[in-house]
Amino acid sequence: MLDLTQHHLDFAKANAIQDVHVKSEALKALGQARHKAVDDLSDDFFVRAAKEGWSADLQRQWWAFNRLNVDAEKFIVGACLPDYWHNVICRYSNGPLHELLWQTLTHPAMLMNLDNIYNRKGQLNENLGREWLELYTLGVDGGYKQDDVEAMSRWLTGLGLKPIAPLAGNQTEDERSMVFGDTYFDARKHDFDAPALMGQVMNNRGANGLRQLSNWLASHPATLKHWARGWLIGHAGREPSSLELQAALEVLKESGGRIGALQIWCNTTGRPLQVKANSPVKTPLHWLCEVLHALASGRQLVLPGNATGATWRMAHPLFRRASPNGYPLLGQSWANSGHLLKRLDVAKTLVNWQQGYFGSSIKPAELMRTPVLAKWRENAGPKTDGLLRSDLADNHKLQLLLVSPEVMTHEWEFQA
Amino acid sequence: MSGLMHSITRRNLIKQAASSLACLGLPATHAWAVNNPGLPRLVVVFLRGGYDGLSAFYPYNNALYHSARPRTALPAPDQLNGALALDDRWAMHPSLTKHLGPLWRSGQMALIPFCGLPSIERSHFLAQDLMAFGFDPKDLNEPKSGFMNRLLKELPQANQALSLTDNLPLAWLGNRAVANVAMTNERTLIAQNPNPQYIEVQAALQTMYKGHALGQAWAQGFEVNNQLMDALARSDPVDSNLSNQLNARIEVLPNGFPIRAAKAGLFLRKQTAYKLAWLETDGWDTHQFQGNVTGTLPGLLDSLGLGLAEFKTQLGEAEWHRTVVVVMSEFGRTFYENGAAGTDHGWGNNWFMLGGSLARKGILGSQVDITTERLNEGRDMPVINDYRLFLKQLFRELYALSPAGLQRVFS
């Protein structure tokens, strides 16, 4: 894992090199180090997926990451993305929500991704303040206004990366400054007069006040509703009914904002149904993880980089989504001709080039008798079943099974 | 963002602005009509992230602009090599002028300043959705459809539309099934046409999805993909010379939009039946160090300009004269730069339009002098040209849509 502060320092040094060629080479080397860190993380993800399939842990962790998305390609985010994944997302994705949000808010990955490292008193940058309210807490219809975006931005002033240069001669430390891991709350850059947000006055100022504000936002009814809805969409690929949303919201409230409780509720009261002709399409990652697991059939994914390549082909690269709201999770977002053809393309490659993923090849007919694929065959509807019994070549049959409605779509019912 | 409630409370204000626009009137002349026989083609290029139109086209004579953007404003064109004065108010950024200057000078380009959503939305996602749907926020719960899909429905003679994107933008949502196909960044053209086995899989797959909601998407996807393979195959039997020329260009073009736009141009040149098309490019959310003459934003503008110029080249003169390209974005950015020499989410923006047979060059729609008092909430360019009215007029003149038809496209 890269040391962020050291990497930041190296980056600043490289950027200061006068010789254009030398500078370019130095920056390129640093970029390669970040890419490797993120590629290794992606590899681990797919090795896990081939083993676990779309397991509850993987699903929840990916969902939380996607919801609190950062882009590995932004500035030097890639240098701390593995830390963000392991120590924020994986560690806190079960909840409680206030802890997940606070850890996210004070992680360098988020602060760099939404430019808060440049946000300082009197020189606001609204990017994180706005998205914190819109995407990560209250939701777009959560009742806040432009004044609140500015207030949030002012509360966030001074929250950035650990300094990489010593203080200049006439500067002194401010004792109100604080360190959170690789994050530094620089009191000298903070606006201690940040106003109330949505009328809510904080007892504390500075970093403690920001923590208080973060907790208040995390427990706001609009935030809980936003997260409950997001969870249901992530789980079922469709908008929840008002009853489902209400039930999920109650679970989140009663559990003190524990996302894990929401997941348990979904898995105990929810049940997958037979897919219909208009069931939501699974997200590319959900589908790929399931397909990798099915095809692996106990084999290890020895060349996980090719799974990452498959996500690029589906315009869904892991950890490289620029938009702060992550990938869309509604099935309709993926129900388009261009994307469907890409899935077929990926399915063809997976079946015909198993060697490139698993280091070995199993005949398609034999593969289809392995447990997961046999189960999929068993659940196939009449049309899919008819094709699987036709005289098509075995590799084509397997490709068709992977992109069949029974595998590509899903249908969930919750006992609301 | 300001939130839905906020935007609704501002609706009356916006209605007033819209009715003022009707009084002021957009130019009576057919400024954007295509003087060419046959049904014109409309290509939308959407810049996701809220592009800073105030850098692309900047009010160089406005003192407030220069004081509001100490690190990002551009010098007047007489002091800046490569910039182009469009009139005594607006100038085009050198990075765009480099590629599009000749089009402006030859009357193949128009600027629509102060353009955008009628309601203030500073959320990328809500603003993009609202723009795609084209309805007032209060109607968001109505059955959703996108304005491009509704336009397609009004053009019975244009039965083909295509989104040249990875996924299908919401503007295409609706009753008419529209295919999408990604224009990739790959630097080589397609090597060969599909083999017979692949065709067999296609047929089987369509059998499997017969009667399924995705059935039509699969069928359209295969059809478009086959067209793409024909059009962009290295050994295209119809005109391999064109393919070879494109191949030579994409080997040297920078990655991203220029390559995709060049491929789209040749594809649409060969597939003339597509009368409505959509391209997009992202990365325009320039919150920090966007630059003025050089930097992030000038780089993006350079890529955009080059892509549009390549699109025109690959499309060929004949098709270019039957085509109108509208470049739009969900909102403009703050008039004042922020603390990181970038700009935050704003409202009004400068859209532009290109085409081989636009009747005249010019700056279209209503304008005002930008003053502190006229800035929305003291920070944004106002919208005085509702994008729906602009597009309605464009659609009327391109396609002779009736008032009722226009009303169905944009209520």
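What counts and how
- Residues numbered from 1 in each chain as written.
- Chains lettered and ligands numbered in written order.
- Predicted model: local features only at pLDDT ≥ 70, side-chain atom pairs only at ≥ 80, totals over all residues.
- Heavy atoms only, no water.
- Helix = DSSP H or I, 4+ residues; strand = E, 2+ residues; numbered from the N terminus.
- Buried < 20%, exposed > 50% of the residue type's maximum accessible area, 1.4 Å probe, protein only.
- Lys, Arg positive; Asp, Glu negative; His and termini not counted.
- Salt bridge = Lys/Arg side-chain N within 4 Å of Asp/Glu carboxyl O.
- Polar contact = N/O pair within 3.5 Å; in protein donor to acceptor, adjacent residues only side chain to side chain.
- Phe/Tyr/Trp six-rings, centres within 6.5 Å; stacked < 30°, edge-to-face > 60°.
- Lys NZ or Arg CZ within 6 Å of the ring centre and 35° of its normal.
- Contact = heavy atoms within 4.5 Å.
- Buried area = accessible area lost by both parts, 1.4 Å probe.
- Nonpolar A, V, L, I, M, F, W, Y, C, P; charged D, E, K, R; others polar.
- Pairing = 2+ DSSP bridges.
- Axes fitted to C-alpha atoms, helices over the stretch in contact; angles between N-to-C directions.
- Parallel < 35°, antiparallel > 145°, perpendicular 65-115°, else oblique.
- Left-handed = near helix turned anticlockwise from the far one by under 90°.
- Arc of directions from axis to C-beta.
- Expected span 1.5 Å × (residues − 1).

Residues and elements named next belong to chain A. Of note, arginine 299 is situated in the loop between helix 13 (284-296) and helix 14 (305-313). No salt bridge is formed by the buried arginine 299; the nearest opposite charge belongs to glutamate 366, separated by 9.0 Å. Engagement of the side chain of arginine 299 in a polar contact is seen with the side chain of glutamine 354, the distance being 2.9 Å.

On to the packing of aromatic side chains. Inspection of the entire model under this criterion finds 36 aromatic pairs over all chains. Arranged with centres 5.8 Å apart and planes meeting at 25°, the rings of Trp218(B) and Phe222(B) form a pair that is stacked. Here Trp218(B) pairs with Phe222(B), and both are found in helix 9 (residues 215-232), just four residues apart, close to one helical turn. When sorted by exposure, Trp218(B) lands in the same class as Phe222(B), which is buried. Joined through ring pairs, the aromatic side chains of Phe46(B), Phe147(B), Trp172(B), Trp278(B), Trp351(B), Tyr387(B), Phe390(B), Phe395(B) and Phe410(B) make up one cluster. The residue whose ring lies beneath Arg67(A) is Trp227(A), and the NZ or CZ to ring-centre distance is 4.9 Å.

Here we come to the interface of chain A and chain B. Counting from both sides, the interface comprises 50 residues of chain A and, opposite them, 47 residues of chain B. Taken together, both faces of the contact between chain A and chain B bury some 4000 Å²; the carbon and sulfur share is 61%. The residue Glu150(A) makes a salt bridge to Arg379(B) at a minimum N-O spacing of 3.3 Å. Applying the counting criterion to the chain A and chain B interface returns 18 residue pairs in polar contact (both at pLDDT 80 or more). Within the residue set of the side of chain A that touches chain B, elements represented by two or more residues are helix 7 (127-136), helix 8 (146-156), helix 15 (337-352), helix 19 (382-388), helix 20 (394-402) and helix 21 (405-408) of chain A. For the side of chain A that touches chain B, the leading source of residues is helix 15 of chain A, giving eight residues. Partitioned by chemical class, the residues of the side of chain A that touches chain B number 21 nonpolar, 17 polar and twelve charged.

Here the structure, examined in full by the defined rule, presents 39 salt bridges over all chains. Salt-bridge contacts for Glu126(A) lead to Arg379(B); the nearest nitrogen and oxygen are separated by 2.7 Å. Placement of Glu126(A) in the loop between helix 6 (108-113) and helix 7 and of Arg379(B) in the loop between strand 11 (362-363) and strand 12 (385-386) is noted, with the two residues assigned to different chains. One exposure class covers both Glu126(A) and Arg379(B), and it is buried.

With that settled, the discussion passes to the sheet that holds strand 4 (residues 90-92) of chain B. All names here are of chain B. Strand order in this open sheet of three strands is 2-4-3, and the pairing throughout is antiparallel. Both edges of this open sheet fall to strand 2 (57-59) and strand 3 (84-85), since each of them pairs with a single strand only. Note that strand 3 and strand 4 share two bridges and pair antiparallel. Paired with alanine 85 across the two strands is alanine 91, which belongs to strand 4.

At a closest axis distance of 11 Å, the pairing of helix 20 of chain A and helix 8 (residues 196-208) of chain B adopts a crossing angle of 40°. By the angle between their axes, helix 20 of chain A is oblique relative to helix 8 of chain B. Classified by chirality, the crossing of helix 8 of chain B by helix 20 of chain A is right-handed. Residues His396(A), Gln399(A) and Leu400(A) of helix 20 of chain A form the contact with helix 8 of chain B, whose participating residues are Gln197(B), Glu200(B), Val201(B), Ala204(B), Leu205(B) and Met208(B). The residue makeup of the contact of helix 20 of chain A with helix 8 of chain B, split by class, is five nonpolar, three polar and one charged.

Residue and element names in this part refer to chain A. Those residues of helix 14 that sit buried are Ala307, Thr308, Ala310 and Thr311. Along the axis of helix 14, the buried positions cluster into a sector of 150°, meaning they face one direction only. Where helix 14 is buried, its residues touch helix 2 (20-52), helix 13, helix 15 and helix 16 (355-358).

Take the pairing of strand 1 (residues 41-47) of chain B next. Residue and element names in this part refer to chain B. Of all seven residues in strand 1, seven are buried; the element is thus mostly enclosed. Burial of the side chains of strand 1 extends over both faces: Arg41, Val43, Val45 and Leu47 are buried on one face and Leu42, Val44 and Phe46 on the other. Across seven bridges, strand 1 lies against strand 9 (residues 323-329) in parallel orientation. Residue pairing for strand 9: valine 44 is matched across the bridge by valine 326. Sheet topology note: the strand 1/strand 8 (residues 274-281) ladder contains six bridges and is parallel. Looking at strand 8, one finds that phenylalanine 46 is bridged to glutamate 280.

On to the sheet that holds strand 3 (residues 183-185) of chain A, then. Residue and element names in this part refer to chain A. Spatially, 1-3-2 is the arrangement adopted by the three strands of the open sheet, whose pairing is antiparallel. Where the open sheet ends on each side, the last strands, each with one partner, are strand 1 (159-161) and strand 2 (178-180). With direction set aside, neighbouring strand axes in the sheet form an average angle of 30°. The sheet contact formed by strand 1 and strand 3 spans three bridges and is antiparallel. Each bridged residue has a counterpart across the sheet, and for leucine 159 the counterpart in strand 3 is phenylalanine 185.

Turning our eyes to something else, we now look at the environment of Asp40(A). Take Asp40(A): it is sitting in helix 2. When the C-alpha positions of Asp40(A) and Leu224(A) are compared, they lie 34 Å apart, and in sequence the two are 184 residues distant.

Residue and element names in this part refer to chain B. Mapped onto the fold, threonine 165 is located in the loop between strand 6 (160-163) and strand 7 (179-180). A relative accessible area of 5% places threonine 165 in the buried class. In this structure the side chain of threonine 165 is engaged in a polar contact, spanning 2.6 Å, whose partner is the backbone oxygen of asparagine 167. When sequence neighbours within four positions are dropped, the list of residues in contact with threonine 165 reads Asn180, Val181, Ala182, Trp278, Leu279 and Glu280.

Moving on, we come to the pairing of strand 8 of chain B. Residues and elements named next belong to chain B. With eight of eight residues buried, strand 8 lies mostly within the body of the structure. The pairing of strand 6 with strand 8 spans four bridges and is parallel. Of the residues in strand 8, the one forming a bridge with serine 163 is tryptophan 278.

As a further point, take helix 14 (residues 387-399) of chain B. All names here are of chain B. Relative to the 18 Å expected for 13 residues at 1.5 Å per residue, helix 14 spans 18 Å between its end C-alpha atoms, a close match to the ideal helical length. Residues of helix 14 that are buried: Tyr387, Arg388, Phe390, Leu391, Lys392, Gln393, Leu394, Phe395, Glu397, Leu398 and Tyr399. The backbone nitrogen of arginine 388 lies 2.8 Å from a side-chain oxygen of the residue at the head of helix 14, namely aspartate 386. Of the residues one or two after helix 14, alanine 400 is the one with positive phi, at around 50°.

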